[in-house]
Amino acid sequence: MILVLRALGVGDLVTAVPALRALRAAYPGREVALAAPAALAPLVDLVGGVDRLVDTSGLDGPAWPGPAPGIAVNLHGRGPQSHRLLAAAGPARLLAFANADAGFADGPRWVDDEHEVDRWCRLLSWYGIPADRSDLALRRPAPTGLPAGATVLHPGSNVPAKRWPAERFAALARTLTDRGHLVLLTGSVDERALAARVADEAGLPPEAVLAGRTDLGALAGLVADARLVVSGDTGVAHLATGYGTPSVVLFGPVPPARWGPPPDRPRHRVLWAGDRDWPRWDGVGSHPTLAAVHLDEVLAAVGEVERVVRVSGAVAA
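Residues numbered from 1 in each chain as written. Predicted model: local features only at pLDDT ≥ 70, side-chain atom pairs only at ≥ 80, totals over all residues. Heavy atoms only, no water.

With that settled, the discussion passes to the pattern of salt bridges. Under the criterion given, the structure shown has 15 salt bridges. For R119, the salt bridge goes to E116, with nearest N and O atoms at 3.3 Å. One end of the pair is R119 and the other is E116, both in helix α5 (residues 116-126) and 3 residues apart, which spans about a single turn. Residue R119 is classed as buried on the basis of its relative accessible area, which comes to 1%. Sharing partners across several salt bridges, the network here consists of R6, E114, E116, R119 and R122. (Salt bridge = Lys/Arg side-chain N within 4 Å of Asp/Glu carboxyl O. Helix = DSSP H or I, 4+ residues; strand = E, 2+ residues; numbered from the N terminus. Buried < 20%, exposed > 50% of the residue type's maximum accessible area, 1.4 Å probe, protein only.)

Moving on, we get to the packing of helix α2 (residues 17-26) against α5. At their nearest, the axes of α2 and α5 sit 8 Å apart, and the two run at 25 degrees to each other. Overall, the two elements α2 and α5 adopt an arrangement that is roughly parallel. Only V117, W120, C121 and L124 of α5 make contact with α2, whose side of the interface consists of P18, A19, A22 and L23. Within the contact of α2 with α5, the residues separate by chemical class into 8 nonpolar, no polar and no charged. (Axes fitted to C-alpha atoms, helices over the stretch in contact; angles between N-to-C directions. Parallel < 35°, antiparallel > 145°, perpendicular 65-115°, else oblique. Contact = heavy atoms within 4.5 Å. Nonpolar A, V, L, I, M, F, W, Y, C, P; charged D, E, K, R; others polar.)

In summary, the side chains of a regular strand alternate between the two faces of the sheet. The element strand β2 (residues 32-36) is largely enclosed, with a buried count of 5 among its 5 residues. A two-sided burial pattern is seen for β2, the buried positions comprising V32, L34 and A36 on one face and A33 and A35 on the other. Inspection of the sheet shows strand β1 (residues 2-5) paired to β2 by 4 bridges, in the parallel sense. Across the sheet, residue V4 finds its bridge partner in β2, namely L34. One ladder, built from 4 bridges, connects β2 with strand β3 (residues 52-55); its direction is parallel. Across the sheet, residue L34 finds its bridge partner in β3, namely L53. Read from β2 through helix α3 (residues 41-47) to β3, the crossover connection turns out right-handed. (Pairing = 2+ DSSP bridges. Right-handed = clockwise from strand over helix to strand, strands pointing away.)

Attention now moves to the pairing of β1. Residues of β1 alternate between two faces, with I2 and V4 on one and L3 and L5 on the opposite face, all of them buried. As paired elements, β1 and strand β4 (residues 71-74) share 4 bridges and run parallel to each other. From the neighbouring strand, L5 faces β4, where its bridge partner is N74.

With respect to topology, 5 strands assemble into an open sheet ordered β7-β6-β8-β9-β10, the strand pairing being parallel. Only two strands of the sheet have a single partner each, and these edge strands are β7 (183-185) and β10 (268-272). Within the sheet, the average angular offset between the axes of one strand and its neighbour, ignoring direction, is 15 degrees. Judged from the 5 bridges that link them, strand β9 (residues 247-251) and β10 form a sheet pairing that is parallel.

Looking now at the packing of helix α6 (residues 166-178) against helix α7 (residues 192-202). The N-to-C vectors of α6 and α7 enclose an angle of 50 degrees; their axes lie 8 Å apart at closest approach. In terms of axis orientation, α6 runs oblique to α7. The two elements α6 and α7 cross, and the hand of that crossing is right-handed. Across from A166, E167, F169, A170, A173 and R174 in α6, the residues of α7 making contact are L194, R197, V198, E201 and A202. Its residues assigned to classes, the contact of α6 with α7 comprises 7 nonpolar, no polar and 4 charged. (Left-handed = near helix turned anticlockwise from the far one by under 90°.)

Inspection of the entire model under this criterion finds 5 aromatic pairs. Measuring from centroid to centroid gives 6.0 Å for W110 and W120, while their planes differ by 70 degrees, and the two rings are edge-to-face. With a gap of 10 residues between them, W110 in the loop between β5 (93-95) and α5 and W120 in helix α5 connect regions that are remote in the sequence. Among the residues examined, W120 registers a relative accessible area of 0% and is labelled buried. (Phe/Tyr/Trp six-rings, centres within 6.5 Å; stacked < 30°, edge-to-face > 60°.)

Extensive coverage of α2 is indicated by the burial of 8 of its 10 residues. Among the residues of α2, those classed as buried are V17, P18, A19, L20, R21, A22, L23 and R24. Among the structural elements, β1, α1 (10-15), β2, α3, β4 and α5 are those in contact with the buried residues of α2.

By themselves, these figures tell us nothing about what the structure is for.
Below, the structure written as structure tokens:
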């Protein structure tokens, strides 16, 4: 059995898809168990190649309650805590980045500024397991009953600094609605108040607020069938990449070179102002690199990705 640790969030899971599929291809006859939060179960089913989900939130509890796995794979971090958690499961072999503090000398060195997808593909490649970093497509979920062809705006983020100002999301929602878009607002239960505020300022009806009303499977279905997704650097953006849904992703303070969609896919557009000089930030509100992204830039990016879709559709026809 192969035990894989990735006890993180939605975007973390989706960026690990090429590595998870590489493990399945390398060990087709073995069970693959993924140690990740139980809330991710609907998405794990859409990845393919994972046989079992072991509920693991963070690094405080045991990663595996059963017999020792033959191989443990650390797709969680550089260690030492994650290394030790997997070592406690007693695997015959650990695949991980080298970490002296964990007493683990095997494996490649960690590179801070590496793209998250490339990081885990490189780790497996070091151990002789080829991984295709472009293998990001997710399986389509079962029908959800949610509207198809909607424009999904996701104003929230677990990291407040990554949130584009709510009043700009409201202005964007209002403008896109005037242009004929069916705008829906997504988010977690904790982000429902934020989404409701955006809807109220944009003049949208309460039913446009889906934040806190969908599980991850329904959210994936909504994104898979969406006309457009606009969000910050968060899990919904990675779902849009996984489904090839046109998207505009607003980055800050983390650069898109670390977490952005593949640059060779023109239906995904990133906006990033981190290459400018900024005054010292007081830690309150949107990070300056994100607050510097203005409404007209986002609308222009929306126009660009929609033109790409129209052209590609015309060529296909």
